[in-house]
Amino acid sequence: MKLNKIYAIALAALTLTACSDDDGPSLNTESGVTVGFNTTYTYEDRVPATSDTLFVNENAGIFNVPIVVSGATNGSIIVEIETITGTADPANHLDAAKEVDNYVVTTKKIRIPEGATSAAVEVNAIWPQGVIDNDRTFTLKIKNAQGATVSNAETIVTIKNIDSAYTMMLGSWTFTGNDWDGLPVTYDLTMSTPDASDPDYGSFLMATGFLGYNFGFIPFEFAYDQDNDEVHMSIPAGAQASTGAINFGSFTGIWATASSQTLWGADIPVDVVDYNEITVDPNKTLFIVSIDVSTMAPKSFWDKFNNMNLKRK
């Protein structure tokens, strides 16, 4: 996050110093040339499908806001951009976007070469990952233009929040517990989701790095009670706990979860504390079982854990 901001600000400084009015091609002198923002943006997934606002997700990173040039030019056009803080609308869950905090414009002086019919303002969206907030809005304005007349000086940009109770769980976690021998163990885990197109997206999470392997994970079932603003999670019994196939020597298999040595037992409920800690009843035991993929039969218990806890790093 901080590095992204620093990089974007540094890039803006470099670009501004590189665009001098004293070098480069001469300015356009042809009459009838206009420059301005789009007046309409089209979306496949919105109703209505068109809007005078450019909507981007907060995880978009660097995105372009198009500028349109109309008319034939015989030289370049220089456009200077300024930003205007948007108007908050709490009733519609809309906040004002603040420059640097929520976005950075990488350059506010743009040289459009002769013959070009379009250009863009490059913006870097700042994503406070894991924070549920409102959409945020701001305005880009063409403060002045050299070599052209300004036709549509302003456009509204809305940075849309994508975080939810589900995505709040993403990030780096530390697992602690006691293994089969009662010894304390610690694993660095990364909480992730299936691909957004997967049917399990929104109801399943994977804490990867379990057992010290990048293919091992703790599976979690996830549900959110919106009416009571409550997260419900559990470690399912009889669920796959590794990606891909594992060579166990005498057979090829996967890991799976269990809560009982009689297989498979009941799911293990967990409690989520402020999205920063996952607590488990210390008397609950998580077994990791090796499974032969050729028969899908359990072969042996790989390890077991109790006194389990996960804390966000």
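Structure's up top.
A few words now on the overall build of the chain. Broken down by element type, the chain carries one helix and 24 strands. A compact globule built from 313 residues would reach a C-alpha radius of gyration of about 20 Å, whereas the chain, at 27 Å, exceeds it by more than 25%. Projecting the C-alpha coordinates of the chain onto the three principal axes gives extents of approximately 85 × 45 × 35 Å. Looking at the chain residue by residue over its 313 residues, the buried ones come to 42%.

Bringing the sheet that holds strand S10 (residues 118-125) into the picture now. The five strands are arranged S8-S10-S5-S1-S12 in an open sheet whose pairing can be described as mixed. Single-partner strands in this sheet number two, and they are strand S8 (103-105) and strand S12 (149-152). Taken pair by pair, the neighbouring strands of this sheet meet at an average axis angle of 30°, ignoring direction.

Now for the environment of Glu80. Summarising the element assignment, Glu80 is placed in strand S6 (residues 77-85). For the pair Glu80 and Val121, spaced 41 residues apart in sequence, the C-alpha to C-alpha distance is 10.0 Å.

All right, on to empty space enclosed by the protein then. Tallied over the full model, the rule gives one cavity of 30 Å³ or more. Approximately 60 Å³ is the volume found for the largest cavity. Taken together, Glu58, Asn102, Ile126, Pro128, Asp133, Asn134, Arg136, Ile159, Lys160 and Asn161 make up the lining of the largest cavity. Across the lining of the largest cavity, the residue classes break down as three nonpolar, three polar and four charged.

Counting 36 residues, the largest nonpolar core has Phe175, Phe210 and Phe220 as its most contacted members. Of all the elements, strand S15 (residues 184-192) adds the most residues to this core, at four residues. Filtering out sequence-adjacent residues up to four positions away, Phe220 remains in contact with Met191, Ser203, Phe204, Leu205, Ala207, Met233, Ser234, Ile235, Pro236, Val270, Ile278 and Leu310. In this structure, Tyr41, Val56, Val69 and Val79 belong to the second largest nonpolar core, which totals 31 residues.

Let us now look at the environment of Asn283. With respect to the helices and strands, Asn283 occurs in the loop between strand S22 (277-280) and strand S23 (286-292). In the structure, Asn283 is positioned 184 residues away from Glu99 in sequence and 50 Å away in space, judged by C-alpha atoms.

Rules used throughout
- Residues numbered from 1 in each chain as written.
- Predicted model: local features only at pLDDT ≥ 70, side-chain atom pairs only at ≥ 80, totals over all residues.
- Heavy atoms only, no water.
- Helix = DSSP H or I, 4+ residues; strand = E, 2+ residues; numbered from the N terminus.
- Rg over C-alpha atoms; globule rule 2.2 N^0.38 Å.
- Buried < 20%, exposed > 50% of the residue type's maximum accessible area, 1.4 Å probe, protein only.
- Pairing = 2+ DSSP bridges.
- Axes fitted to C-alpha atoms, helices over the stretch in contact; angles between N-to-C directions.
- 1 Å grid on protein atoms, 1.4 Å probe; cavity = no way out; pocket = protein on both sides within 12 Å on 5 of 7 lines; lining within 4 Å.
- Points joined across faces, edges and corners; volume = space filled by probe spheres on them.
- Nonpolar A, V, L, I, M, F, W, Y, C, P; charged D, E, K, R; others polar.
- Core = buried A, V, L, I, M, F, W, Y, C linked by side-chain atoms within 4.5 Å.
- Contact = heavy atoms within 4.5 Å.

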